[in-house]
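Close look at the chain arrangement
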Amino acid sequence: MILDSKVPAGPLQEKWDNYKNSVALVNPANKRKYTVLVVGTGLAGGSAAASLAELGYNVKSFCIQDSARRAHSIAAQGGINAAKNYPNDGDTVWRLFYDTIKGGDYRAREANVYRLAQISNSIIDQCVAQGVPFAREYGGLLDNRSFGGAQVSRTFYSRGQTGQQLLLGAYQAMARQIDAGKIEMMPRREMLDLVVVDGRARGIITRNLVTGELERHVGDAVLLSTGGYGNVYYLSTNAKNSNVTAAWRCHKRGAHFANPCFTQIHPTCIPVSGDYQSKLTLMSESLRNDGRVWVPKETGDPRPPSEIPEDERDYYLERRYPSFGNLVPRDVASRAAKAVTDQGRGVGETGLAVYLDFRDAINRLGKNVIEERYGNLFEMYERITGEDPYQVPMSIFPAVHYTMGGLWVDYELMSNILGLFVLGEANFSDHGANRLGASALMQGLADGYFVIPYTLGGYLAGMDAGDTDTNTAEFAQAEDESRARIDKLLSVQGDKTVTEFHRELGRLVWDHVGMSRTKEGLQGVLSEIQRLREEFWENVRIPGTPDTFNKNLEFAGRVADFMELAELMALDAIDRDESCGAHFREEYQSPEGEALRNDDDYAYVASWEYTGEVSKPKLHKEELEFENVKLTTRSYK
């Protein structure tokens, strides 16, 4: 199979305009004939559903929570990037494009990333028009803060609640269309399978999470906006409902899974506090604007931070990366934290933490300024840890946060299955091997508000509307297979809980496919994952029945898919004999501990095809062509 990225011809700056000028259109009267299934109601899914319904399409929106307002997008705190250059510090669309390509360690498609940078300014205008309460500076202009991987201030924010406010904007736009009858909202539904008819995605099978009923839904296209798969690690900053099941079902129906080993470890999280913790809490990267990261210079220093004098502190990010300091990209900051804790200079009871200190910023700016910028984040930290960050430094440590890998898509955001479009974190397209902070919100809204209305129209213009229904063999087979899988899970009646299996899987993946990887460790963990998966299907115990509300059954289905995904992640990491971005192979590093890429052999998207056997996927390569940026060793020094 040849992967056709469908990148338009012409200079980089003109590709998106060329595409929009030539793409086929659906006239307004005909839009009413088409039905689009949108799975997921976060920023990507919510903005897509609202935009398509506003255009006149009939939309069915599926939400795994009880309300679209509870999507995991609310957890994004720090901000959203755009190249408006309000601070007049030299930002341009090109700089945002270049920082994103460089931040992803040159493993993303140029055309997609440049389009994202172009669209970014329109996102801000859209959200302001919706009433999103972005912070403003004294003169009334929208304010900006800095984020890692950039030397300009381009991040728009709403205190530490940016994701929530942006989601409310998209939700209000959705609610307007629900009231108008253009969106049929279906909460508490989980997608269990994709239905492919004559090579096209034509529907989905869902489970009503309240009644247990399996449902068939037909449409002219399916938009998957279901987020990332970070919960494969068990402990992550993701909401507990975040999962890979919808994407994995699509993968097993033929959609390629791209770059699965590219998972981001966020450097600014509250450290693990105990063996039975169920998730981790993110502290926004925006805190690194004013907080300084440090550890004691001596190993095993038992003193509280207030008793460690300045000359005995190692501000290691400022020392190693003087040009960017505490604002280096997330992968760089995370590996640096691991390095100092591996040396025995970590802090706290476990030694697996570093300090994020606001003492100097409070002295320089005043407590009131810091409180205005980060007050709700400080309050959240104090509630969780019992420590006041105005008085003592925060303790932070890296944790799983975002997944750059996802289903493969072309320039139109369509997978290799016709009619299956993938938006936001569920696709692989824009972030390469590492995502810059404040770019997740940017991508989700760009895909939903400004890309999919064009590309979906181009697809639908070439097909007849409503030419299939749910009474086909394909729908019956997909439903039967979903029911059989549920019955198989419930029939095991073993001795271990779903959580026990998930926690064990998470530890394996974190230890061997986490911040640091080795070929030996990856090869060894493959057999461990396979062993655990076999035990799961022989010894998991799931109480309850399928025809009612059953959280254990929900999580069991998701963990079963994580068991298979974990093996693909390890296989992908073994295949990539280089270090790049969040994929750090210990065999490939400089004497200073920096990542060593291999552009001659690995400047490609690894796109994996399911062959019927989890352990034997087929690799397809989309070679990445860099015509506008020069491949250089990434440096933030």
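Each remark here, short or long, concerns the structure printed above.
Quick summary incoming for the structure in this document. (Residues numbered from 1 in each chain as written. Predicted model: local features only at pLDDT ≥ 70, side-chain atom pairs only at ≥ 80, totals over all residues. Heavy atoms only, no water.)

**A closer look at the pattern of salt bridges**
Close approach of charged atoms allows side chains of opposite charge to pair. Throughout the structure, instances matching the rule amount to 56 salt bridges. In this structure, the salt-bridge partner of arginine 107 is glutamate 578, at a minimum N-O distance of 2.9 Å. Taken together, the residues arginine 107 in the loop between α4 (93-103) and α5 (110-130) and glutamate 578 in the loop between α16 (551-575) and α17 (599-602) connect sequence positions 471 residues apart. With respect to class, arginine 107 is no different from glutamate 578; both count as buried. The shortest N-O distance in the salt bridge between arginine 313 and aspartate 357 comes to 3.2 Å. One end of the pair, arginine 313, is in strand β13 (residues 313-314); the other, aspartate 357, is in strand β14 (residues 354-357), and 44 residues separate them in sequence. Looking at arginine 313, the relative accessible area reads 6%, which means it is buried. Salt bridges here are not isolated pairs; linked through shared partners, they connect Asp105, Arg107, Asp331, Arg335, Arg576, Glu578, Arg597, Asp599 and Arg634. (Salt bridge = Lys/Arg side-chain N within 4 Å of Asp/Glu carboxyl O. Helix = DSSP H or I, 4+ residues; strand = E, 2+ residues; numbered from the N terminus. Buried < 20%, exposed > 50% of the residue type's maximum accessible area, 1.4 Å probe, protein only.)

**Considerations on the pairing of strand β1 (residues 35-39)**
Burial analysis of β1 places four of its five residues in the buried class, the great majority of the element. In terms of strand pairing, β1 meets strand β2 (residues 58-62) through five bridges, oriented parallel. Looking at the pairing, valine 36 lines up with valine 59 of β2. You can see the chain leave β1, run along helix α3 (residues 43-55) and come back into β2, and the turn it takes is right-handed. Where β1 lies against strand β9 (residues 221-224), four bridges are found, and the strand directions are parallel. In the sheet register, valine 36 faces β9, and the bridge partner there is alanine 221. (Pairing = 2+ DSSP bridges. Right-handed = clockwise from strand over helix to strand, strands pointing away.)

**Quick word on the sheet that holds strand β12 (residues 292-296)**
The sheet built from five strands is open, its strands ordered β11-β15-β14-β12-β13 with antiparallel pairing. This sheet does not close on itself; its edge strands, each paired only once, are β11 (263-269) and β13. Note: β11 against strand β15 (residues 394-403), five bridges, orientation antiparallel. Considered in β15, the bridge of cysteine 269 is made with phenylalanine 397.

**Comments concerning the packing of aromatic side chains**
For any pair of aromatic rings, the description rests on two quantities: the centre-to-centre distance and the angle between the ring planes. By the definition in use, this model includes 25 aromatic pairs. Centroid distance tyrosine 86 to phenylalanine 156: 5.8 Å. Interplanar angle 75°. Geometry classified as edge-to-face. A residue pair is termed long-range when its members are at least 10 positions apart, and tyrosine 86 in the loop between β3 (80-81) and α4 and phenylalanine 156 in strand β4 (residues 155-156) qualify at 70 residues. For tyrosine 86, a relative accessible area of 32% puts it in the partly exposed group. Among the aromatic side chains, those forming a connected cluster through ring pairs are Trp16, Tyr19, Tyr411 and Tyr454. Positioned over the ring face of tyrosine 390 is lysine 367, at 4.7 Å from the centre of the ring. One Lys or Arg, arginine 558, reaches over the ring of phenylalanine 555 and ends 5.3 Å from the middle of that ring. (Phe/Tyr/Trp six-rings, centres within 6.5 Å; stacked < 30°, edge-to-face > 60°. Lys NZ or Arg CZ within 6 Å of the ring centre and 35° of its normal.)

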